[in-house]
There are 4 protein chains.
Amino acid sequence: LLVDHPWARIELVCAERHAGQPLVRVFPQFRGRFEPNLEVFSPDRVASSAEVIFTALPHGASAAVVAALCQRGRVVIDLSADFRLRDSDVYASWYGGPHPVPALLEQAVYGLPELARDRIGSARLVACPGCYPTAAILAIAPLLARGLVRPDALVIDAKSGASGAGREPSASTHLPEAAEGVRPYQVAGEHRHTAEIEQVLSEVAGARVSLTFTPHLLPMSRGLLACVYARTVDPRLPEEAYRAALEEAYAEEPFVTVLEPGALPDTAHVRGSNRVQLSVRRDQRTDLGLGISALDNLVKGAAGQAIQCFNLLCGYPETTGLLGVAVFP
Amino acid sequence: LLVDHPWARIELVCAERHAGQPLVRVFPQFRGRFEPNLEVFSPDRVASSAEVIFTALPHGASAAVVAALCQRGRVVIDLSADFRLRDSDVYASWYGGPHPVPALLEQAVYGLPELARDRIGSARLVACPGCYPTAAILAIAPLLARGLVRPDALVIDAKSGASGAGREPSASTHLPEAAEGVRPYQVAGEHRHTAEIEQVLSEVAGARVSLTFTPHLLPMSRGLLACVYARTVDPRLPEEAYRAALEEAYAEEPFVTVLEPGALPDTAHVRGSNRVQLSVRRDQRTDLGLGISALDNLVKGAAGQAIQCFNLLCGYPETTGLLGVAVFP
Amino acid sequence: LLVDHPWARIELVCAERHAGQPLVRVFPQFRGRFEPNLEVFSPDRVASSAEVIFTALPHGASAAVVAALCQRGRVVIDLSADFRLRDSDVYASWYGGPHPVPALLEQAVYGLPELARDRIGSARLVACPGCYPTAAILAIAPLLARGLVRPDALVIDAKSGASGAGREPSASTHLPEAAEGVRPYQVAGEHRHTAEIEQVLSEVAGARVSLTFTPHLLPMSRGLLACVYARTVDPRLPEEAYRAALEEAYAEEPFVTVLEPGALPDTAHVRGSNRVQLSVRRDQRTDLGLGISALDNLVKGAAGQAIQCFNLLCGYPETTGLLGVAVFP
Amino acid sequence: LLVDHPWARIELVCAERHAGQPLVRVFPQFRGRFEPNLEVFSPDRVASSAEVIFTALPHGASAAVVAALCQRGRVVIDLSADFRLRDSDVYASWYGGPHPVPALLEQAVYGLPELARDRIGSARLVACPGCYPTAAILAIAPLLARGLVRPDALVIDAKSGASGAGREPSASTHLPEAAEGVRPYQVAGEHRHTAEIEQVLSEVAGARVSLTFTPHLLPMSRGLLACVYARTVDPRLPEEAYRAALEEAYAEEPFVTVLEPGALPDTAHVRGSNRVQLSVRRDQRTDLGLGISALDNLVKGAAGQAIQCFNLLCGYPETTGLLGVAVFP
């Protein structure tokens, strides 16, 4: 996305295992288009070369790198989970130990532009949310904010393509075993994103939100679909009221599409794009409603969101470099 | 499955569009193994040739055929939806018109052996449930039966391979558009299986069960995974109590595996087999629990279930011809 | 691609079956980005609205539309097969009847910029080749042009994603049956692209080229890989000589990457991009060499190639709007 | 396959890394059906427990284990590549060092029942061929045996599902990168199966066969399709003559289907079965013909073939336990 961005200049690309190799050997899609060598990370070298730095390290490993760059006065857009939780105790209870740099937690701004556009624009450290929280939060936040649904016992049933698991080969993403199958993992409060989603939605709702989160691995590369089930507060409200809440909340959003009645989100329709598709439905037989969202976990759920934050930070139009039409079929 | 069944003899195979053609031109997997010609359906010819008849027609079209065969004294195992609802009013409200043969509804036995084994054995007409009801019911029935979860506002979030949509090509199963994508359809009470699942679970629970049902289409051929979310009655009960309920309920079941703690169902592990995998989990952060089930929609969710009923009807051991190990990977 | 093209303005989009509907109902990837209504085709209306017209109709149906637009003085970029064969007799023998507008065949320029850049720039009618000919021709043309391989009895074994079959649902692209399988079709001289590839390669070689062409359908949406096997003329020439021929031929090509020794093409690495990857190998055990190419059948094998021709026609830099990095993974 | 085999009794299952674990933790498809613990391999223990032993170790590692079992008088069916090449010099040149147990090479019988049924029945060591050689050899052997095609410069273009790469996760089978893509590997004489195919086909032809072999990795789990291109000896012979040669050669074969004119092999139609589909075509435009074969690389290309040999060794009907219909769709 940065290669195709009209105003960004990529000063250097660092890597751990592959440092010293040509980028195109690791990411062959850049052949003929962008062919630097991967460099060893050095905070001094990086901080002196670039004004804004994207970090995308595993949680735990990211914090020290981010801290080193912040100390050197650089703006950091961090794609790890290290600065997304505000409360260091919550962090400790989910990540099995104290936060490595708790002082930075206060400075970090949660990088979801649809909720925190203004704060992102003036941040020094942006903690970009990943695919599950982005999809879950956008699907239900306006309903919670307006008090249309109850904040307790939300059910989030989310389905992700295998690229969400990262690039390290493992048994769970071994094509012969992962193709032609679907399975849940880390259900019933085991997945760490539970805390992050609860934190953000609680702020939105102005009340403690509790939820059960069930992620699934699907036999496809990209794409994430989330269904968020909630109990309605007023059983007499028609479906239109819920849709109107979403449409109103996202009326000015450049990347959020609230689908017309009758249409439902499909991850294939946002593949490779920074767009989110949303629907909301009300089940007449129960007191339940559900918000549904589809996005590309590697774009709006990761790198695209980071570029969106980058644009805000730099004062560029927010959509710069992000308007590419989805690759469908 | 019948071809490989040791005691069944297939007298004839009928078809509509393809009548007159060799079976292997329509279903090439039978080449070299079973090569009859497809015949035009005639109730007299069929009733005089076979003792037990499997019907697998679209809903609406099935009822008259089944009635003609029942009139001629044959035992019918019907894979359509025509005889699964007991109440002809419920049928009329979901299927847009009166039931074609309401008198037969009383005779029909719901063909889920795990719930109605004895009645199936002496039935003249078995209405075999399909993939969604089978997966949803088996995942939660024991918890409802024992009063461990509340019967209202269940959430059933189910994910199906594309073979569940049948063999007629359509835009929604066109590989270029269906591959690499996931999407829900007929959500929030639109899907007709909602009524069927509610009917069966209400009987099991001894109370009116209401639920919201969200089916999804996945980019794979076979396999169905269902998550059934319910509110627990006693928040102090540990997860073990729920698992124990499942284990007890299915202790003697030849095709149901309740997974050990830590394991979760995967449709790839039951592909091509008649087995169901189940897990149950309790979310400590909410008052929610969930049952999870995986099965092959074309075996335990369709043809395998029908053979299981056939074995019961004929007095064969229930597992005859159904013990084949799943095709994995 | 046109939506994202900086200097193109889309005046209108026509359709047959879907005329009158919003584009986004037919191609949902445009939601939020480009939302015109589809219009009925009228040659007068189209010719008076646009300077350059892209036609993408089935072969046979395209010729009359193209003729009507050419008559009205418009430049046409045709993606059908109707104007790719120069010889109307050859057309007649492969397409089962006389060419509808033989007079236009002379005017048509074969739209493969790597072979006919100059002629495309001044054309009034460009007949854009599709995925199979583009992949096959680019993989072997430089070796034939330089007399390094023999022109008789080439073997072209090509593998295509299912989007190559178009958007009409059919049994052969029905996901449950097309997933998890591979099959050849129209082999041994049955496929019409055989004639087109022979025509172009014969011109390149300055000798009659004959070949056998085997297309395959793969269980994926996009991507085309072709292996072209040929007998070498001089068995003593090392592999380097063949690679040098390719590198020399494509040294200035903006969209062709000749891979380094040891690397081999992968369609995943060009998905969504207009790039072609090429390798050439020499088998020491036989007198055979092979050229291998990978491209995205919907970009370099279709729409991207058309935009490349459009840029040449309009005098824009050839790469305008086509430099997007491949969507990988 | 052994679990479902009516006359085999599995005495023990050994493993390296997973020794001590329950089989079902490693191969979850056996849950509820076959649940032994995996044992450490000991030649004495194994030789004293079982009459026939299946070995499936990586090449190089297999030889010593096989030798230890043969020494103890056991019959071994080896699925590795260690005993497939007859000539220890050829082995050394392809496998980078001397054969570990050259004395056993003479005893080993190549386990392709269609070519060596009688010898397999009386063997003490069967070297079972894998998917590529089985598919390639069966597609062309009868034409070579009858002198209908020339033995030099065959082209074998083969396409395999990812399970052919084994169970060890790697970048090349990482679903996010392997899905939606196709790529060749080890082309132009680099793949070791080249030597094995040449050896067997040379014996069949009674002349030195040379070939170029191009394996491809496809985005699917199971299935292998091979196209074998050869020059015809007599250009006047009609296609029927080639088909007749195949039909005659395989008339009595229980697992080989020569498809009728107009039909072409599809791996989806043999998934999970031990069957091979074959077609042969003659290209009128060139002097080329091609044989095409489809099989399941894990059944006829591996375990099914081994059971077929096991049946021959034990004097059981050759099809025992192998007649299961393909799992399609």
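Above this text you will find the structure in question.
Keep in mind that this is a model prediction, so the values were computed, not measured.

**Q** Help me understand the overall build of chain A in this model?
**A** Summing up its helical and strand segments, chain A has eleven helices and eleven strands in all. Taking 20 Å as the expected radius of gyration for a compact globule of 329 residues, we find that chain A reaches 20 Å, a close match to that expectation. Considered along the principal axes of its C-alpha atoms, chain A spans approximately 60 × 45 × 40 Å. Here chain A holds 329 residues, and 61% of them are scored as buried. By sequence separation, contacts in chain A at least 24 residues apart represent 67% of the contacts at least 6 residues apart. For chain A, the accessible surface area stands at approximately 11,600 Å², while carbon and sulfur atoms represent 51% of it. Between the mean site of the 30 positive side-chain charges and the mean site of the 36 negative ones, chain A shows a separation of 2 Å.

**Q** I'm lost on the interface of chain C and chain A in this one. Help?
**A** Reports of interface size often rely on the accessible area that becomes lost once the parts have come together. The partner chain A presents 29 residues to the 29 residues of chain C that form the contact. For the pair chain C and chain A, the summed buried area comes to about 2,500 Å², and 57% of that belongs to carbon and sulfur atoms. Taken as a group, Gln29(C), Arg31(C) and Val325(C) account for 26% of the area that chain C buries against chain A, more than any other trio of residues on that side. Across the contact surface, chain C and chain A share two salt bridges. Across the salt bridge formed by Glu260(A) and Arg31(C), the nearest N and O atoms sit 2.8 Å from each other.

**Q** What exactly am I supposed to notice about helix α10 (residues 239–249) of chain B here?
**A** Working note: α-helix, 3.6 residues per turn, so residues spaced by three or four point in the same direction. Residue and element names in this part refer to chain B. Among the residues of α10, Glu-239, Tyr-242, Arg-243, Ala-245 and Leu-246 are the ones counted as buried. Each buried residue of α10 lies within a common arc of 150 degrees when the element is viewed along its axis, so the set occupies one face. Taken together, the buried residues of α10 touch α7 (131–145), β9 (256–258) and β10 (276–282).

**Q** Before we go on, may I ask you to explain the sheet that holds strand β3 (residues 109–110) of chain C in this structure?
**A** Paired through their backbone hydrogen bonds, the strands of a sheet run either parallel or antiparallel. Residues and elements named next belong to chain C. Spatially, the four strands line up as an open sheet ordered β1-β2-β4-β3, and their pairing is parallel. Since the sheet does not close on itself, it has two edges, and those belong to β1 (52–55) and β3, each with one partner. Relative to strand β2 (residues 75–78), β1 runs parallel, the two being bridged by four bridges. Bridge pairing in β2 links Val-52 to Val-75.

**Q** Sorry, what's going on with the pattern of salt bridges here?
**A** Under the definition given, this model contains 100 salt bridges over all chains. Here Glu177(B) and Arg167(C) are joined by a salt bridge, their closest N and O atoms 2.4 Å apart. With one member in each of two chains, Glu177(B) in helix α8 (residues 175–178) and Arg167(C) in the loop between β5 (154–160) and α8 (175–178) form a pair that bridges those chains. Residue class for Glu177(B) comes out buried when judged on its relative accessible area of 12%. Of the charged contacts in the structure, one is a salt bridge between Arg33(C) and Asp4(C), with a shortest N-O distance of 3.0 Å. With a gap of 29 residues between them, Arg33(C) in the loop between α1 (23–26) and α2 (43–49) and Asp4(C) in the segment before α1 connect regions that are remote in the sequence. On the basis of relative accessible area, Arg33(C) is assigned to the partly exposed category, the value being 26%. By sharing partners, the salt bridges in this structure join Arg150(A), Asp152(A), Arg231(B) and Asp287(B) into a single network.

**Q** What is the right way to look at the sheet that holds strand β10 (residues 276–282) of chain D in this model?
**A** All names here are of chain D. Taken in spatial order, the seven strands make up an open sheet running β6-β7-β5-β8-β11-β10-β9, and their pairing is mixed. Every other strand in the sheet has two partners, leaving β6 (183–184) and β9 (256–258) as the edge strands with one partner each. Lying on the sheet, helix α9 (residues 193–205) is in contact with β5 (154–160) and β7 (211–217); it crosses β7 at an angle near 130 degrees. Against the sheet, helix α10 (residues 239–249) makes contact with β9 and β10, and its axis sits at roughly 155 degrees relative to β10, the strand it touches most.

Analysis parameters
Residues numbered from 1 in each chain as written. Chains lettered and ligands numbered in written order. Predicted model: local features only at pLDDT ≥ 70, side-chain atom pairs only at ≥ 80, totals over all residues. Heavy atoms only, no water. Helix = DSSP H or I, 4+ residues; strand = E, 2+ residues; numbered from the N terminus. Rg over C-alpha atoms; globule rule 2.2 N^0.38 Å. Buried < 20%, exposed > 50% of the residue type's maximum accessible area, 1.4 Å probe, protein only. Contact = heavy atoms within 4.5 Å. Areas by Shrake-Rupley, 256 points an atom, 1.4 Å probe, with all protein chains shown as cover. Lys, Arg positive; Asp, Glu negative; His and termini not counted. Charge placed at Lys NZ, Arg CZ, Asp CG, Glu CD. Buried area = accessible area lost by both parts, 1.4 Å probe. Salt bridge = Lys/Arg side-chain N within 4 Å of Asp/Glu carboxyl O. Arc of directions from axis to C-beta. Pairing = 2+ DSSP bridges. Axes fitted to C-alpha atoms, helices over the stretch in contact; angles between N-to-C directions.

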